[in-house]
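Coordinate inspection notes
Okay, here's what each chain looks like letter by letter:
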Amino acid sequence: MRRPKAPSTDARLDELLRLVEERTQPAKPQSGKVIVRAQGRLLLVDQREICFITIEGGAISVVTRGVEGQSNCRTLEELMEQLDPEAFWRAHRSFIVNIQHIREVVPWFKSATSCAWTTPRRREVPVSRAQTKRLRELFNL
């Protein structure tokens, strides 16, 4: 039985250089738009208009001031890759929030907190205990 040849030093160096290039290239630019199924249509929603995103029962809902619809993404992680990391924050395992639209921080019991928006129907989004520190950092609370 023949042993497979070990890759040459040059081949290993080439592979290492390729991996370094992949990791140091700038991230793919975000389009600025998210596709949302609402009102029997596919709408292109500007990221800046999104207040928050939630997942419930496997369905991802995208909420703006004027539209609430479903995303085609399967997971919040997949959707998060499309969003601007400077504006969007994972406040809870079931919620991504646009920090530009937070209008109120509401203290809850046992040092828990939530965030609220001025949307057509007032909604509060929970902030996990693990993310409460990040919330305080964001707003110098």
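Details of the structure are given in the entry above.
As a starting point, this report considers the structure included with it. Source: prediction; values computed, not measured.

1. Side note on the pairing of strand 1 (residues 33–38)
Only one face of strand 1 is buried: it carries Val34, Val36 and Ala38, and the other face, with Lys33, Ile35 and Arg37, is open. Direction of pairing for strand 1 relative to strand 2 (residues 41–46): antiparallel, over a ladder of six bridges. Bridge assignment links Lys33 to a residue of strand 2, and that residue is Asp46. Hairpin connection, strand 1 to strand 2: the antiparallel pair is bridged by two residues, and Gln39 has positive phi, about 55 degrees. With two bridges connecting them, strand 1 and strand 5 (residues 68–71) associate as antiparallel partners. Within strand 5, the position partnered with Val36 by the bridge is Ser71.

2. Quick word on the sheet that holds strand 3 (residues 50–56)
Judged by pairing direction, the sheet is antiparallel, and its seven strands sit side by side in the order 2-1-5-4-3-7-6 without closing on themselves. Strands with a single pairing partner mark the edges of an open sheet, and in this sheet they are strand 2 and strand 6 (88–92). Within the sheet, the average angular offset between the axes of one strand and its neighbour, ignoring direction, is 35 degrees. Sheet analysis places strand 3 next to strand 7 (residues 95–98), joined by three bridges and oriented antiparallel. Bridged to Phe52 within strand 7 is Val97.

3. Quick look at the pattern of salt bridges
Tallying each qualifying case throughout the model produces two salt bridges. Asp46 is the partner of Arg48 in a salt bridge, and the nearest nitrogen-oxygen pair spans 2.7 Å. A relative accessible area of 15% means that Asp46 is categorised as buried. Between Glu77 and Arg90 there is a salt bridge, with its nearest N and O atoms 3.3 Å apart.

4. Some details on the nonpolar core
By size, the foremost hydrophobic cluster in this structure holds 17 residues, and its most contacted members are Ile50, Ile53, Leu79 and Leu83. Elements that contribute at least two residues to this core include exactly strand 1, strand 2, strand 3, strand 4 (59–64) and helix 2 (76–80). Take this core: its biggest share by element is three residues, from strand 1. Counting residues in hydrophobic clusters, the runner-up holds twelve residues, among them Cys51, Ala91, Val125 and Leu135.

5. Brief notes about the side chain of Thr54
With respect to the helices and strands, Thr54 occurs in strand 3. Separated by 3.1 Å, the side chain of Thr54 and the backbone oxygen of Ser94 make a polar contact. Those residues in contact with Thr54, other than ones at most four positions away along the chain, are Ala59, Ile60, Ser61, Ser94 and Phe95.

6. What to know about a nonpolar patch on the surface
A grouping of Leu13, Leu16, Leu17 and Val20 is seen on the molecular surface, where their side chains present a nonpolar patch of about 360 Å² in accessible area. Mapped onto the elements, Leu16 comes out in helix 1 (residues 9–24).

7. Quick word on the packing of aromatic side chains
Tallying each qualifying case throughout the model produces one aromatic pair. An angle of 50 degrees between the planes, with centres 6.2 Å apart, marks the rings of Phe52 and Phe95 as tilted. Placement of Phe52 in strand 3 and of Phe95 in strand 7 is noted, with a sequence separation of 43 residues between them. Using a relative accessible area of 0% as the deciding quantity, one classes Phe52 as buried. In this structure Phe95 comes out as buried when scored by relative accessible area, which is 13%.

Rules used in this analysis
Residues numbered from 1 in each chain as written. Predicted model: local features only at pLDDT ≥ 70, side-chain atom pairs only at ≥ 80, totals over all residues. Heavy atoms only, no water. Buried < 20%, exposed > 50% of the residue type's maximum accessible area, 1.4 Å probe, protein only. Helix = DSSP H or I, 4+ residues; strand = E, 2+ residues; numbered from the N terminus. Pairing = 2+ DSSP bridges. Axes fitted to C-alpha atoms, helices over the stretch in contact; angles between N-to-C directions. Salt bridge = Lys/Arg side-chain N within 4 Å of Asp/Glu carboxyl O. Core = buried A, V, L, I, M, F, W, Y, C linked by side-chain atoms within 4.5 Å. Polar contact = N/O pair within 3.5 Å; in protein donor to acceptor, adjacent residues only side chain to side chain. Contact = heavy atoms within 4.5 Å. Patch = residues over 30% accessible without salt bridge, like charges linked within 9 Å, V, L, I, M, F, W, Y side chains within 5 Å. Areas by Shrake-Rupley, 256 points an atom, 1.4 Å probe, with all protein chains shown as cover. Phe/Tyr/Trp six-rings, centres within 6.5 Å; stacked < 30°, edge-to-face > 60°.

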